[in-house]
Amino acid sequence: MAELSKIAVLGAGHLGPVIARLAIKAGYPVTIAASGDPEDIALITELMIPRAQPRWAAGAVADADIVVLAIPLHRFPDLDPGLLSGKLVIDAMNYWPASDGVVQAFEDGGSSEIVSRRLAGSAVVKALNHIGYHELEDRARPAGAPDRGAVGIAGDDPVAVAATAALADRIGYHPVRLGGLRAGRALQPGGPVFGLVLTRPEFERAVREEAKQAVREEILREQAMGEKALREEARSLS
Ligand SMILES: NC(=O)c1ccc[n+]([C@@H]2O[C@H](COP(=O)([O-])OP(=O)(O)OC[C@H]3O[C@@H](n4cnc5c(N)ncnc54)[C@H](OP(=O)(O)O)[C@@H]3O)[C@@H](O)[C@H]2O)c1
């Protein structure tokens, strides 16, 4: 069997350990780091994520093929983009104003697009962000299980997307490719699948419905703008 990618999970709070546990169960070598000394997470790692290696973030990333960002978005600016250069980075973070504070750039668009612009030397994929950490672990199912859930994946680099899809599949989810990073907005808080574990057909339906609704709203907006322009033209001629 081909050797599996080495995974570094940055973040040892709620989400990080769950992703680490699932990845270890799937056979991946996993390191995990918080923001500081690995000694601080050594005991909890031994108890909660046996077989994961606690490391300093820089050491974990240096050895990894895939880096999962499971840190609060407001802590993301502390990360040195150079550290992540050349890596496949899975952005599992969400913009959560209650804890991240209001950041206008995130209010207006896709958080992973902003993350990706800062990590210009990395291949960023948005995934593993739309399911709560409890459910992510409890609802993981092997291929073929009728109630297997779907994980949405969005990214601009096809190789990185394929590797992320393979990871999602191995840890117990149907990978559903949504398109480029921009399409990952559907996975964010407020999006149609956020906070839900849906089967693949349910997931695809929810995303399609949302996309149709967005098109409807765009058409209505353009119509309203066109009508306004016509009214103004008529007024200027009268
Ligand atoms: N909780 C969920 O169910 C869930 C589900 C999907 C997505 N998410 C997203 O995942 C992210 C993490 O959520 P969480 O609930 O797991 O947060 P959390 O419980 O607050 O844990 C945050 C972890 O990130 C670590 N960290 C902060 N800055 C770091 C850095 N520069 N390098 C390495 N580690 C760093 C912290 O380490 P220190 O203790 O050393 O500061 C802590 O271990 C958020 O963006 C959240 O929106 C969460």
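In this text the structure is predicted, and so the values were computed from the model without any measurement.

Caption draft 1: Region of the structure containing unusual backbone geometry. Look at Arg51: it is not a glycine, yet its phi comes out positive at around 85°. Within the element layout of this structure, Arg51 appears in the loop between α2 (39-48) and β3 (53-54). Look at Leu128: it is not a glycine, yet its phi comes out positive at around 65°. Secondary-structure assignment places Leu128 in the loop between β6 (123-126) and α7 (133-138).

Caption draft 2: Structural detail: the site of the ligand. Lining the immediate surroundings of the ligand are 21 residues, of which Ala12, His14, Leu15, Ser35 and Tyr133 lie closest. One nitrogen or oxygen atom from the side chain of Arg75 is found 3.1 Å from an oxygen atom belonging to the ligand. Asn94 is positioned with one of its backbone polar atoms (N or O) 3.2 Å from an oxygen atom of the ligand. Notes on the ligand: free accessible area 910 Å², of which the protein chains cover 77%. Its residues assigned to classes, the shell around the ligand comprises 13 nonpolar, 7 polar and 1 charged.

Caption draft 3: Fine view of the environment of Gly191. Secondary-structure assignment places Gly191 in the loop between β8 (174-179) and α9 (200-237). Residue class for Gly191 comes out buried when judged on its relative accessible area of 17%. Taking the C-alpha atoms as reference points, Gly191 and Ala143, separated by 48 residues in sequence, lie 26 Å from one another.

Caption draft 4: The arrangement of the pairing of strand β5 (residues 88-91) in detail. The alternating pattern of β5 places Leu88 and Ile90 and Val89 and Asp91 on opposite faces, both of which are buried. Where strand β4 (residues 66-69) meets β5, 4 bridges bridge the pair, whose relative direction is parallel. Bridge pairing in β5 places Val67 opposite Val89.

Caption draft 5: Fine view of the environment of Ile153. Note on placement: Ile153 falls in strand β7 (residues 150-155). For Ile153, a relative accessible area of 0% puts it in the buried group. Taking the C-alpha atoms as reference points, Ile153 and Glu209, separated by 56 residues in sequence, lie 18 Å from one another.

Basis of the calculations
- Throughout, residues of each chain are indexed from 1 in the direction in which the sequence is written.
- Thresholds applied to this predicted model are a pLDDT of at least 70 for local features of residues and 80 or more for the giving and counting of side-chain atom pairs; totals over whole chains, interfaces and linings are not thresholded and use all residues.
- Side-chain figures throughout are based on the complete set of non-hydrogen atoms in the structure, without hydrogens or water.
- Each helix is a run of H or I in the DSSP string that is no shorter than four residues. Each strand is a run of E no shorter than two, and both are numbered from the N terminus.
- Any residue with a non-hydrogen atom lying within 4 Å of a molecule or strand is treated as near it.
- Think of a polar contact as two N or O atoms within 3.5 Å of one another; within protein, one of them needs to be a possible hydrogen donor and the other a possible acceptor, and neighboring residues in sequence only count if both atoms come from side chains.
- Shrake-Rupley sampling with a 1.4 Å probe provides the accessible areas, and residues are treated as covered by the protein chains on show and by no other component.
- Three classes are used, and their members are as follows: Ala, Val, Leu, Ile, Met, Phe, Trp, Tyr, Cys and Pro are nonpolar, Asp, Glu, Lys and Arg are charged, and the others, Gly among them, are polar.
- Only protein chains enter the calculation, and the probe is 1.4 Å; a residue is then buried if its accessible area is under 20% of its type maximum, exposed if over 50%, and partly exposed in between.
- At least two DSSP bridges between two strands are required for those strands to pair.

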